[in-house]
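What the coordinates show
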Amino acid sequence: MPELACTHLDQVGDVTPSSNGCEDCLRIGAKWVHLRMCMVCGHVGCCDQSPNKHATAHFHEIGHPIIQSFEPGEDWWYCYLDDVAFEVDGARSWSHS
Ligand SMILES: [Zn+2]
Ligand SMILES: [Zn+2]
Ligand SMILES: [Zn+2]
């Protein structure tokens, strides 16, 4: 099995999604394009195509480096520190309903 390019998987927690939408957009009444879920704490935030980029903002504010797509049919993960996207065999796939 190839080594994952990301070395931060030990930070991944036993998470559940904090919300079914971007929790920060919901608070301020903003709209988002796609959703990402923090795999360290379960924070759900919006993607970089969204006006408020709350998933990336969460990384800058809290320092949690790993997200998974929260879109149906997408299983990819991304690490901000390594700037690499990858998939994790056997990991649960999360998505909003
Ligand atoms: Zn990493
Ligand atoms: Zn947002
Ligand atoms: Zn987090």
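Residues numbered from 1 in each chain as written. Chains lettered and ligands numbered in written order. Predicted model: local features only at pLDDT ≥ 70, side-chain atom pairs only at ≥ 80, totals over all residues. Heavy atoms only, no water.

What follows is about the pairing of strand β3 (residues 66-69). The alternating pattern of β3 places Ile66 and Gln68 on one face and Ile67 and Ser69 on the opposite face, and all of these are buried. Of the pairings in the sheet, the one linking strand β1 (residues 35-38) to β3 comprises three bridges and is antiparallel in character. Opposite cysteine 38, over in β3, you have isoleucine 67 as the bridge partner. In this sheet, strand β4 (residues 77-79) lies alongside β3 in antiparallel orientation, the contact comprising three bridges. (Buried < 20%, exposed > 50% of the residue type's maximum accessible area, 1.4 Å probe, protein only. Helix = DSSP H or I, 4+ residues; strand = E, 2+ residues; numbered from the N terminus. Pairing = 2+ DSSP bridges.)

Let us look at the pairing of β1. Of the two faces of β1, the one holding Leu35 and Met37 and the one holding Arg36 and Cys38 are both buried throughout. Note: β1 against strand β2 (residues 44-46), three bridges, orientation antiparallel. Considered in β2, the bridge of leucine 35 is made with cysteine 46.

In short, geometric facts, not functional conclusions.
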